[in-house]
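Each chain, written out:
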Amino acid sequence: MIYSFSTSEKIRLDEFLRRELPSKLNEPQNSSNSKIRRLIVAGAVFVNSRQVRRPAFELRGHSNVSVDFDEEKFLYEKQPDDIKFKLTEKDVLYEDEYLICVNKPSLFPTEETIVGGEKRDNLHDAVVRYLWAKNPSLRNPPYVGIMHRLDRETSGVILFTKQRTVNKQVQEMFAGHDFKKVYKALVTENKTGLCEKLFKSEKLLTIEKFMNRISPKSQAAKWGTVPENRGGMYSKTVFALKEKRKVNGKSAFLLEADLFTGRTHQIRVHLSEAGLPIVGDELYGGIPEKRIMLHAEKLEFNHPVSGDKLMIIAQKYF
């Protein structure tokens, strides 16, 4: 639906719409400042027939303002079901003056994102709070560097740096695949019988693909196999079958995944396309569950300063 307004005031665009738009809506109380700003940034607002994406744009002289949007989607605001989490000593798997490795819980973002104009709590901030509480005399928040990420739904080992001096070395180790990353995944089968064959033969399953994003930017991010000459990035995972389980009466299998590369959604895509979707991973065909059953169990690497071999393990998963 298109809503039209006219004004000769000198006023910011977001302020004008915050005042005028609610009177046109069925639920005016839900038209928050943050929603108005997102509406403008999304390109749904036109001034004198020209699209304007700056909330601070100043209306001058006579201005015709039109807003083209879906009111139902505008009023609806999905709330993330993030857990509340306070990092404590029991969650710290390794710490020295340069690094800190923690056991990330499922359903908790790794880094800052904004939903509904509000900043969501996240693991990076939780680590900052933890370190600051240990050193309350610090005038400023302690430095915590993000070197890699886990999906919000994924639990397990994640590493942060405590000093900028080691960032380059750690980044180069990730880029050079000098980190050994081992995950656990709970999967079901889609008519393949593949896990049963693996269980009987005790063989490993190696999957190599070229991957990239396959969903439109406006939709939930989804990756899949694409040709190398169309932007595909090489990915490789080796899977081993560990045990059989039951999930809601359905046969399930616990797999161990050894990552040789670290592409976005790599394990989820490899298993889904093999007919072995992860339990809880509905985006890739998994059966519903309270979380995605994927856990980063182990991280092995050489310390960037001492060179010592480190093996960081988060045993608790699901």
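Refer to the preceding data block for the structure.
Since this is a predicted model, take the numbers as computed values, not measurements. (Residues numbered from 1 in each chain as written. Predicted model: local features only at pLDDT ≥ 70, side-chain atom pairs only at ≥ 80, totals over all residues. Heavy atoms only, no water.)

Thoughts on helix α7 (residues 266-273)
So, step 1. Most of α7 sits inside the fold, with 6 of its 8 residues counted as buried.
So, step 2. If you check which residues of α7 are buried, you get Q266, I267, R268, V269, H270 and L271.
So, step 3. Along its buried surface, α7 packs onto β13 (180-187), β14 (205-213), β15 (223-225), β16 (233-247), β17 (250-259) and β18 (294-302).
So, step 4. Positioned one or two residues after α7, G275 has a phi angle of 80 degrees, which is positive. (Buried < 20%, exposed > 50% of the residue type's maximum accessible area, 1.4 Å probe, protein only. Helix = DSSP H or I, 4+ residues; strand = E, 2+ residues; numbered from the N terminus. Contact = heavy atoms within 4.5 Å.)

Looking at the nonpolar core
So, step 1. Core analysis: the largest hydrophobic core is formed by 42 residues, its most contacted members being V102, V127, V187, I267, L271 and I278.
So, step 2. Sequence-distant contacts of V127, that is, excluding residues within four places in its chain, are made with L87, I100, V102, V144 and F160.
So, step 3. Of all hydrophobic cores here, the second largest spans 18 residues; its members include L13, L21, I36 and A44. (Core = buried A, V, L, I, M, F, W, Y, C linked by side-chain atoms within 4.5 Å.)

Quick word on the side chain of E189
So, step 1. Take E189: it is sitting in the loop between β13 and α6 (194-201).
So, step 2. Here E189 falls in the buried class, since its relative accessible area comes to 18%.
So, step 3. Beyond its immediate sequence surroundings of up to four residues, E189 is in contact with L194, C195, E196, K250, F253, G275 and L276.

Focus on the packing of aromatic side chains
So, step 1. All chains considered together, the criterion is met by 5 aromatic pairs.
So, step 2. Ring centres of F179 and F301 lie 4.7 Å apart, and the angle between their planes is 35 degrees; this geometry places the pair in the tilted category. In this pair, F179 sits in the loop between α5 (167-175) and β13 while F301 sits in strand β18, placing the two residues 122 residues apart along the sequence.
So, step 3. For F301, a relative accessible area of 1% corresponds to the buried category.
So, step 4. Pairwise contacts between aromatic rings join F174, F179 and F301 into one cluster.
So, step 5. The aromatic ring of F260 is capped on one face by K236, whose charged end is 4.5 Å from the ring centroid. (Phe/Tyr/Trp six-rings, centres within 6.5 Å; stacked < 30°, edge-to-face > 60°. Lys NZ or Arg CZ within 6 Å of the ring centre and 35° of its normal.)

Considering the environment of S4
So, step 1. In this fold, S4 is placed in strand β1 (residues 2-7).
So, step 2. A sequence separation of 40 residues divides S4 from A44, and the C-alpha atoms of the two residues are 12 Å apart.
So, step 3. Excluding residues that lie within four positions of it along the chain, S4 makes contacts with V65 and S66.

What about the pairing of strand β6 (residues 63-68)?
So, step 1. Burial of the side chains of β6 is restricted to one face: S63, V65 and V67 are buried, whereas none of N64, S66 and D68 on the reverse face is.
So, step 2. Two strands pair when backbone bridges link them, and strand β3 (residues 45-47) and β6 are joined in this way by 3 bridges, in the antiparallel orientation. The residue of β6 that forms the bridge with V47 is V65. (Pairing = 2+ DSSP bridges.)

Thoughts on the pairing of strand β8 (residues 99-104)
So, step 1. Of all 6 residues making up β8, 6 are buried, and the element is well covered by its neighbours.
So, step 2. Of the two faces of β8, the one holding L99, C101 and N103 and the one holding I100, V102 and K104 are both buried throughout.
So, step 3. Two strands pair when backbone bridges link them, and strand β7 (residues 92-95) and β8 are joined in this way by 3 bridges, in the antiparallel orientation. Note that in β8 the partner of V92 across the bridge is V102.
So, step 4. Taking the residues between adjacent antiparallel strands as the criterion, β7 and β8 are bridged by 3 residues.
So, step 5. Both β8 and strand β12 (residues 155-161) contribute to a ladder of 6 bridges, which runs antiparallel. When the sheet's bridge partners are listed, K104 is paired in β12 with G156.

Considering the sheet that holds β1
So, step 1. Pairing is antiparallel in the open sheet, where 4 strands are placed in the order β1-β6-β3-β4. Each end of this open sheet is capped by a strand with a single partner; those strands are β1 and β4 (50-51).
So, step 2. Each of β1, β3 and β6 touches helix α1 (residues 13-20); the most contacted strand, β1, lies at about 115 degrees to it. (Axes fitted to C-alpha atoms, helices over the stretch in contact; angles between N-to-C directions.)

So, unusual backbone geometry
So, step 1. Look at N48: it is not a glycine, yet its phi comes out positive at around 50 degrees.
So, step 2. As for its placement among the helices and strands, N48 is situated in the loop between β3 and β4.
So, step 3. When its relative accessible area of 39% is taken as the criterion, N48 is described as partly exposed.
So, step 4. Notably, N248 is not glycine yet its phi reads approximately 55 degrees, a positive angle.
So, step 5. By relative accessible area, which is 67% here, N248 ends up exposed.

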